[in-house]
Amino acid sequence: MSLFSSLGTLLTTMAGGLDPLFGASAAAAAIVLFTLCVRAALHPLARAAVRGEKARAALAPKLTELSRKHKGDPERLRRAMAELRAKEGASPLAGCLPALAQLPVFFVMYHVFSTGSGAGDLLDHTLAGAPLGARWGGALSGAPGLVHLGLFALIAAVATWTYLRARRTTAPGAPGVARALPLLSFGTLVTAAVVPLAAALYLATSTTWTAVERALLHRG
C-alpha cells in the first residue's frame, strides 16, 4: 500500500468514526483531528524550538555588545556572533523545526486531495457545502465561498499575530534570514489560496495550533 493510499485509508476510517457527530462534514473533522495528532507528535520539537528562542533572547545583550565592539569590521562581527551562538547552543533557525518536520505530511495530503490518488471517496465529502477537493477560485460565492473566506480570515489573523510576535522577539544582530522568517507566516495564506480546501484546512488547523502552542510555551 502506498503512502498516499495509507493516508486516504486512515482519513476514511477516522471520518467513518466521526460520521455520527459531524455527518457530511465528517471527513473535514477527520482532517482536523489528524492534524492535531500530527502536531501533538511534534510537540517535543516545538518545546526545543522555544528553548532555542529563549536562548537567543538571552544572548541579545551580548550580541548588541559585539555589534558595538566590531562595528567597523563586519567579517569579525560575523565570526564573533557565530562563535557566541555555537558556545551557547542557540541556533538562529531552531524555530523552524516543527514547520520543517511537518512538510512531508502536508505534501502527502496535498497530493492526495489534488490528484485523488488514494483518496477513495474523500473528495466527495464537503465542509459546510464546500467540496474538500475544490480550490477557492471555483468557490467564490454561496456557502463554499464563505467557507474559504473563513479559513483565509483565520489564517490571516494567526499569521499577523505570529508576525508581530516574531518581530518583537527577534534578537538584535540576528542573521538576515532570521529577520526575514517572520514574513514567512504570510506564506501560509498564499499557499491556502492555491491548494485544495482539505489541504487549506490542514494549514489553518496547524497554524492555529502553532500560535496557541507558542503562546503557552513562552508563558512557562
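As the structure is a computational prediction, the values presented were derived from the model and not from experiment.

Focus on the packing of helix H2 (residues 26-41) against helix H9 (residues 197-219)
Step number 1: Where H2 contacts H9, the axes come no closer than 9 Å and their chain directions differ by 40°. Classified by the angle between their axes, H2 and H9 sit oblique to one another. When you trace H2 past H9, the crossing you get is right-handed. Only Ala-198, Leu-201, Tyr-202, Thr-205, Ser-206, Trp-209, Thr-210 and Glu-213 of H9 make contact with H2, whose side of the interface consists of Ala-28, Ile-31, Val-32, Phe-34, Thr-35, Leu-36, Val-38, Arg-39 and Ala-40.
Step number 2: Per-class residue counts for the contact of H2 with H9 are 11 nonpolar, four polar and two charged.

Let's talk about helix H8 (residues 187-194)
Step number 1: All buried positions along H8 are accounted for by Thr-188, Ala-192 and Ala-193. Here the buried residues of H8 occupy an arc of 140° about the axis, which is enough to place them on one side. Summarising the geometry of H8, the exposed residues directed more than 90 degrees from the buried face are Val-190 and Val-194.

Things to note about the UniProt feature "transmembrane region" (unreviewed entry) in the chain
Step number 1: Taken from the UniProt record, the annotation "transmembrane region" (unreviewed entry) applies to residues 25-46, 93-113, 145-164 and 176-204.
Step number 2: In residues 25-46, helix accounts for 91% and strand for 0%; the two terminal C-alpha atoms are 30 Å from one another.
Step number 3: Counting secondary structure, residues 145-164 comes out at 100% helix and 0% strand; the distance between its end C-alpha atoms is 28 Å.

Analysis parameters
- Residues numbered from 1 in each chain as written.
- Predicted model: local features only at pLDDT ≥ 70, side-chain atom pairs only at ≥ 80, totals over all residues.
- Heavy atoms only, no water.
- Axes fitted to C-alpha atoms, helices over the stretch in contact; angles between N-to-C directions.
- Helix = DSSP H or I, 4+ residues; strand = E, 2+ residues; numbered from the N terminus.
- Parallel < 35°, antiparallel > 145°, perpendicular 65-115°, else oblique.
- Left-handed = near helix turned anticlockwise from the far one by under 90°.
- Contact = heavy atoms within 4.5 Å.
- Nonpolar A, V, L, I, M, F, W, Y, C, P; charged D, E, K, R; others polar.
- Buried < 20%, exposed > 50% of the residue type's maximum accessible area, 1.4 Å probe, protein only.
- Arc of directions from axis to C-beta.
- UniProt positions renumbered as here; feature names shortened; annotations may be inferred.

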